[in-house]
Amino acid sequence: MPQNAISNQRQLFLRHVAQTSPSPLSLEIVKAKGCKLYDNKGKEYIDLIAGISVCNVGHRHPKVIKAIKKQADNYLHLLVYGEMIETPQVQYAKLLTDHLPKSLNAVYFTNSGTEATEGAMKLAKRVTGRTQMIAFNQSYHGSTQGALSVMGDEYWRNAFRPLLPDILHLEYNSPEAINEITERTACVIAETIQAEKGVYAPLKQWLKLLRKKCSETGTLLILDEIQTGFGRTGSLWGFEKFNIVPDIILLGKALGGGMPLGAFVANKKLMNLFTENPVLGHITTFGGHPVCCAAGLAAMKVLLNEKLVDRVHEKEFLFRECLQHPRIKAIRSRGLLMALELDTAADVIQVAASCLRKGVLTDWFLFAPHCIRIAPPLTIKEKEIREACLVMVEVLNKI
Ligand SMILES: Cc1ncc(COP(=O)(O)O)c(C=O)c1O
């Protein structure tokens, strides 16, 4: 591509595409495959963040691409969600519920994770007739106004007030939080593992007590598995390792195999409440788009058939082994969701920028800017892990 066309794209991006920060990454990627990204200048990057836990089966897995093309040859959008019997949607709901506890047997497909949060919050109100919701500090559930209301940091909420009333923000993993759940509480919403806090897992006993108190008070327990689902933490779902079953789970990110898709999954008896008083209790035009469902279905089959989840811990340990460095204060990991804690956010910016120059893409966390995010495609090869870690160590040696 001629030089002026290259800079022109960049200018157009900055001028006409709405920005979310003063310093976007601004890579111009022209191709992605497996764990690699390729930019417009032919430079190759190892992707250590998988589009923020999206591309669990790698970029453009051939089976996902085949499913997308096949579905595009049949039909795209037909009608608003829930009216037509669309095979990719039906088959995907069946596969998902086959791999979830029996009580989680009805899938409501949305376009994104935040819409899954919205739908689940509405369902909790509808089921319980209550309004109070409990959420946790330093949790992230999305950016629309309902999801923002349960976001765990006032810095991000403040400019958009008034938000939903009757929300209690409590400390994750604390006994006090459990005491606050009462017969006034519609739902408790929690990430199974707090990702954006920099990968914090709760105590098994705490999550069990949370489940127990919710059952005692008729409160719905919503677990957000948008980042932790689809094998990311070394089991298909994060909550499996805690021996509890939530009332609703939220899915997104890897759910669509690289296409936009979200879902909340609950028991059919609860979900049916959306069909009456009022009818169309939650609606979406594009939710569960057939191409996205076809892609997600193919990606989940790849995940299961290639037994990718079985190798997650082995890869996690290899990262941990290769990333021994005095500048890394701590490594918190749950499978291939890892946070490398440095001294300061400025160090993280410097390390991420140097890694990028050397062809390794990393990131930070919303509530932990002093931590480097590592969450690569689960398909990452041993050679790629070693290569990426070597670059990171080289960079850390110089800060
Ligand atoms: C735990 C969690 N919940 C919800 C969301 C929101 O998903 P989306 O960006 O698709 O709306 C995210 C996105 O990062 C997330 O990490």
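Fair warning: this is a prediction, and the values are worked out from it, not measured in the lab.

Visitor: Even after reading the chapter, I still don't get the pairing of strand 2 (residues 36-39), so can you show me in this structure?
Guide: For a regular strand, the rule is simple: side chains alternate between the two faces of the sheet. Looking at chain direction, strand 1 (residues 29-33) and strand 2 are connected through four bridges and run antiparallel. The partner of Lys33 across the bridge, within strand 2, is Lys36. The turn joining strand 1 and strand 2, which pair antiparallel and follow one another in sequence, is formed by two residues; a positive phi near 60° is taken by Gly34. Adjacent in sequence and paired antiparallel, strand 2 and strand 3 (residues 44-47) are bridged by four residues, among which Gly42 carries a positive phi angle near 85°.

Visitor: Explain the nonpolar core to me, please; I cannot follow it from the model alone.
Guide: A general tendency of soluble globular proteins is for nonpolar side chains to be buried together. Residues Leu96, Phe109, Phe136, Phe230, Phe264 and Phe319 are the most contacted members of the largest nonpolar core, which totals 103 residues. Of all the elements, helix 11 (residues 290-305) adds the most residues to this core, at nine residues. Counting nine residues, the second-largest nonpolar core is a separate cluster that includes Val199, Leu337, Ala368 and Ala375.

Visitor: Which parts of the structure should I look at to understand a positive patch on the surface?
Guide: A contiguous patch of positive charge on the surface is contributed by Lys31, Lys33, Arg60, Lys69 and Lys381. Relative to the elements of secondary structure, Lys69 occurs in helix 3 (residues 62-74).

Visitor: Help me understand the site of the ligand in this model?
Guide: In the vicinity of the ligand, the contacting residues are Ser112, Gly113, Thr114, Tyr140, His141, Gly142, Glu191, Asp224, Ile226, Gln227 and Lys253. Here a nitrogen atom of the ligand and a side-chain polar atom of Asp224 are 2.7 Å apart. Here an oxygen atom of the ligand and a side-chain polar atom of Gln227 are 2.8 Å apart. Protein chains shield 82% of the accessible area of the ligand, which is 380 Å² for the free molecule. Among the residues making up the shell around the ligand, the classes are represented as two nonpolar, six polar and three charged.

Visitor: What am I meant to see in the pairing of strand 10 (residues 262-266) here?
Guide: The buried count for strand 10 comes to five of five residues, which makes it a mostly enclosed element. Residues of strand 10 alternate between two faces, with Gly262, Phe264 and Ala266 on one and Ala263 and Val265 on the opposite face, all of them buried. With five bridges connecting them, strand 4 (residues 106-110) and strand 10 associate as antiparallel partners. The residue bridging Phe109 from the neighbouring strand is Ala263, located in strand 10. With three bridges connecting them, strand 9 (residues 248-251) and strand 10 associate as antiparallel partners. Counterpart to Leu250 in the pairing with strand 10 is Phe264.

Rules of the game
Here the residue numbering is sequential within each chain, running from 1 through the sequence in written order. Given that this is a predicted model, residues contribute local features only at a pLDDT of at least 70 and side-chain atom pairs are listed and counted only at 80 or more, while totals for whole chains, interfaces and linings are drawn from all residues. Think of the side-chain values as coming from all heavy atoms in the structure, minus any hydrogens and water. Note on pairing: two strands pair once DSSP finds at least 2 bridges between them. Put simply, DSSP marks the helices as runs of H or I at least four residues long and the strands as runs of E at least two long, and each gets a number from the N terminus on. In this description, a nonpolar core means a group of buried Ala, Val, Leu, Ile, Met, Phe, Trp, Tyr and Cys residues linked to one another through side-chain atoms lying within 4.5 Å. Buried means the residue's accessible area, taken with a 1.4 Å probe over protein chains only, is under 20% of the maximum for its type, while exposed means over 50%, and partly exposed covers the values in between. Like charges are joined within 9 Å and nonpolar side chains (Val, Leu, Ile, Met, Phe, Trp, Tyr) within 5 Å, but only among residues with over 30% relative accessible area and no salt bridge; these make up the patches. Surface accessibility follows the Shrake-Rupley procedure with a 1.4 Å probe radius. Residue values consider only the protein chains on display as shielding. We define a salt bridge as a contact between a side-chain nitrogen of Lys or Arg and a carboxyl oxygen of Asp or Glu at a distance within 4 Å. Counting rule applied: Lys, Arg positive; Asp, Glu negative; His and chain ends not counted. Just so you know, the charge point we use is NZ for Lys, CZ for Arg, CG for Asp and CD for Glu. Being near a molecule or strand, for a residue, means having at least one of its heavy atoms within 4 Å of it. Polar contact criterion, stated in full: a pair of N or O atoms within 3.5 Å, where within protein one must be able to donate a hydrogen and the other to accept it, and residues adjacent in sequence count only if both atoms are side-chain atoms. The classification used treats Ala, Val, Leu, Ile, Met, Phe, Trp, Tyr, Cys and Pro as nonpolar, Asp, Glu, Lys and Arg as charged, and all other residues, Gly among them, as polar.

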